[in-house]
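As a plain string of letters, each chain reads:
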Amino acid sequence: EAQVTQNPRYLITVTGKKLTVTCSQNMNHEYMSWYRQDPGLGLRQIYYSMNVEVTDKGDVPEGYKVSRKEKRNFPLILESPSPNQTSLYFCASRPDSAGQTQYFGPGTRLLVL
Amino acid sequence: GENVEQHPSTLSVQEGDSAVIKCTYSDSASNYFPWYKQELGKGPQLIIDIRSNVGEKKDQRIAVTLNKTAKHFSLHITETQPEDSAVYFCAASRPGNQFYFGTGTSLTVIP
């Protein structure tokens with residue numbers, strides 16, 4: 001089954017404790033993105049990757065890092081989480097930068113205390 | 001960058017009635033306009049999309065219309081059912097570029 005998976009689905013952590021949210025897709029897509037979803041603000045792009053070893057900032061990249069060492073995986077790293085990063089996070093993929101049909105993962109709900 | 005506005009933020013309709021959600025965009029170069037449905041605890045799922053060379057597209061009870069001149073597009077759901085209750089997002093993008101999303105509409109269909 002074609003899908004985007006994320007882990008963990010729920011995470012409670014404390015300020016400053018590094019964490020990683022994993023994302024994996026099995027559709028051989030080149031383009032992957034991370035979004036955060038906050039009430040009243042919709043979905044905002046954090047980072048995206050057009051292919052292996054090619055990443056760039058979205059609209060709200062502060063406090064986040066990403067890497068793309070393999071085509072299928074695109075982890076999101078919070079090196080020193082803060083309470084304002086409490087949010088619902090979605091990973092998404094699409095075939096390539098020109099392809100526009102986008103597939104979303106199930107989401108990771110993060111609470112930073 | 002692109003700015004997408006979506007209205008209303010909440011919408012309640014009686015089962016069987018129609019629901020309309022409207023979005024406007026600012027970048028005249030945007031040429032792809034998808035609509036996503038997000039059910040509780042799940043990621044957004046594409047339900048219909050339209051490209052700028054088309055004015056209207058229909059898929060069973062769901063339709064989308066696009067007015068390029070006015071830079072607005074709308075989602076129409078007819079004969080609503082309780083399972084249509086969800087949050088709906090519009091988005092706009094142009095080739096090779098990121099997606100810009102509206103702020104979402106929470107639709108409740110009252111049985």
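Use the structure listed above.
Draft legend 1. Representation of the overall build of chain B within the structure. Helix and strand content of chain B: 0 helices and 11 strands. Helices (α) and strands (β) of chain B occur, in sequence order from the N terminus, as β-β-β-β-β-β-β-β-β-β-β. A compact globule built from 111 residues should have a C-alpha radius of gyration of about 13 Å, and chain B, at 13 Å, falls within 12% of that. For chain B, the spread of C-alpha atoms along the three principal axes comes to 40 × 30 × 20 Å. Expressed as a percentage of its 111 residues, the buried residues of chain B come to 44%. Considering only contacts in chain B between residues 6 or more positions apart, those separated by 24 or more positions represent 53%. When the accessible surface of chain B is split by element, carbon and sulfur atoms take 46% of a total near 5400 Å². Across chain B, the centroid of the 10 positively charged side chains sits 7 Å from that of the 12 negatively charged ones.

Draft legend 2. Representation of the state of the cysteines in the model. Counted by the stated rule, this structure contains 2 disulfides over all chains. Through a disulfide, Cys 23 of chain A is tied to Cys 91 of chain A; the S-S separation comes to 1.8 Å. Taking the sign of the torsion about the S-S bond as the criterion, the disulfide between Cys 23 of chain A and Cys 91 of chain A, at about -70 degrees, is left-handed. Here Cys 91 of chain A lies in strand 9 (residues 87–94) and Cys 23 of chain A lies in strand 3 (residues 19–25), a separation of 68 residues in the sequence. Here Cys 91 of chain A falls in the buried class, since its relative accessible area comes to 0%. What pairs with Cys 23 of chain B in a disulfide is Cys 90 of chain B, and their sulfur atoms sit 1.9 Å apart. Taking the torsion about the S-S bond as the criterion, the Cys 23 of chain B to Cys 90 of chain B disulfide, at about -100 degrees, is left-handed. One end of the pair, Cys 23 of chain B, is in strand 3 (residues 19–25); the other, Cys 90 of chain B, is in strand 9 (residues 86–92), and 67 residues separate them in sequence. The residues Cys 23 of chain B and Cys 90 of chain B share a single accessibility class, namely buried.

Calculation criteria
Residues numbered from 1 in each chain as written. Chains lettered and ligands numbered in written order. Predicted model: local features only at pLDDT ≥ 70, side-chain atom pairs only at ≥ 80, totals over all residues. Heavy atoms only, no water. Helix = DSSP H or I, 4+ residues; strand = E, 2+ residues; numbered from the N terminus. Rg over C-alpha atoms; globule rule 2.2 N^0.38 Å. Buried < 20%, exposed > 50% of the residue type's maximum accessible area, 1.4 Å probe, protein only. Contact = heavy atoms within 4.5 Å. Areas by Shrake-Rupley, 256 points an atom, 1.4 Å probe, with all protein chains shown as cover. Lys, Arg positive; Asp, Glu negative; His and termini not counted. Charge placed at Lys NZ, Arg CZ, Asp CG, Glu CD. Disulfide = S-S within 2.5 Å.

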